Every structure is written in structure tokens, then in C-alpha cells.
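Read off the chains here:
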Amino acid sequence: MTMSPEAEERLRRLTRILDFPGMLVGKAAAWLIVPMVGALVYEVIARFGFNSPTMWAYDATFMFYGALFMLGAAYTLGLDSHVRADFLFNIMSPRWQGLIDFLFTLCLFFPAMYFFTVATFDYALVSWYRGERIPTSPMMPIIYPLKTVMPITGALLLIQGVSELLKSYFSIVTNRRFRTPTEEAGA
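This structure is a prediction, so every number in the text was calculated from the model and none was measured.

Draft legend 1. Broad picture of helix 6 (residues 94–130). At threonine 105, helix 6 shows its maximal bend, which comes to roughly 40 degrees. The set of residues buried in helix 6 consists of Gln97, Gly98, Thr105, Phe110, Met113, Thr117, Thr120, Ala124 and Ser127. Tucked inside the fold, the buried residues of helix 6 contact helix 5 (86–89) and helix 7 (144–174). Residue glycine 131 follows helix 6 closely and has a positive phi angle near 65 degrees.

What follows is the structure, encoded as C-alpha cells:
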């Protein structure tokens, strides 16, 4: 099977469009590391330098890291940087790699992300409705903004999953690994 240059260009354009939300949110979320590290540094100085620990630093760090981890998931998927058994996968032809990715994305990834997104949407909605707070913390900060990140993450992963499905299709049809223009320029 082959793919015409025009079809390949349309597919590349579509994957760039689908990759954009995850890339944008992932790069923006990466900046959460700055206040997270700031809270940690402040806590260490306050605790060990002045013997005056804070009530808020652990909760802030927990929430910043949780949001950073979740919002970066689609970006990481788009970069093909999630953990995989590469020692087996890399000895296969690009067509077989694409076929495996295509089937797993379709049969495992999409159902899991769909149910995750639906379940966490309700979870976040109830949390907003109740004005939920973290009961195990002495400060009892609000938790619903962090819970809102969960369905957003699910939606971003679903969008990124469509892009990954198209990239797998490309590999099946052409027996070539889908490479982004950035990858091609660096190679």
C-alpha cells in the first residue's frame, strides 16, 4: 500500500492540528514547576532555617504537581515518551508497530480514556457543587480546581489519541514510522 504525497500532507496537517491542544497545555502546565519549587524552597527555609513550618506548602506542592502531571500527559503522549516495552517493539517493522499501536489505541486506550473522562467529569462537578476541601489537611484547601483538571486531561488525551491513531494508520499504510517535521529536521 502507498499514500499519495497530497494525502500524506493532509494527514500531517491534521495531526498537527490535533497535537496542538496537548502541546499548548503541556507547555503552559510546565510552568507550574516554578511555583511548586518556590513553595518547596520556602517550606525548607521556613522549617529548617526559622523552625516555623508552613501549613500550606505540602498542599500547594501536591496540587501543583498533580496538575502538572495530568496536564502534561497528552503532550507526553504526542512526543511518544510514555513507557513502552521498546526492546520488543523496536525490532518490529514500522507496519507492525503501527498495527499494534492502532489496535491498542482503538481497543484499550479510547475506551479507558472515555470512561475516565466521563467519570472524572461527574467527580469534578460534584466537588464543585459541594465546595469540597481536603479533609486530611490542617488548612483544608479547596480541591475542586484540581479535580477539574482530571476531565480536562481526559479530553486532551482523547484528542491526542485521535492523532496517535492517524500516525499509526500512516505507519500501517506506508511501512514508515510517522515523523514530525521537528524529528525530520533533527535527524
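That covers the picture; the talk isn't over yet.
Draft legend 2. Spatial organisation of the environment of proline 35. By the secondary structure assignment, proline 35 is in helix 2 (residues 33–50). As for proline 35 and lysine 147, which are separated by 112 residues in sequence, their C-alpha atoms are 19 Å apart.

Draft legend 3. Quick look at the packing of helix 3 (residues 57–71) against helix 7. Orientation of helix 3 relative to helix 7, taken along the N-to-C sense of each, is 10 degrees, at an axis distance of 9 Å. Here helix 3 is positioned roughly parallel relative to helix 7, judged by the angle of their axes. Contacts between helix 3 and helix 7 involve Phe62, Met63, Gly66, Ala67, Met70 and Leu71 from the first element and Leu146, Val149, Met150, Ile152, Thr153 and Leu156 from the second. Of the residues assigned to the contact of helix 3 with helix 7, the class counts are 10 nonpolar, 2 polar and no charged.

What counts, and at which threshold
- Residues numbered from 1 in each chain as written.
- Predicted model: local features only at pLDDT ≥ 70, side-chain atom pairs only at ≥ 80, totals over all residues.
- Heavy atoms only, no water.
- Bend = angle between axes of the 7 residues up to and from the residue.
- Helix = DSSP H or I, 4+ residues; strand = E, 2+ residues; numbered from the N terminus.
- Buried < 20%, exposed > 50% of the residue type's maximum accessible area, 1.4 Å probe, protein only.
- Contact = heavy atoms within 4.5 Å.
- Axes fitted to C-alpha atoms, helices over the stretch in contact; angles between N-to-C directions.
- Parallel < 35°, antiparallel > 145°, perpendicular 65-115°, else oblique.
- Nonpolar A, V, L, I, M, F, W, Y, C, P; charged D, E, K, R; others polar.

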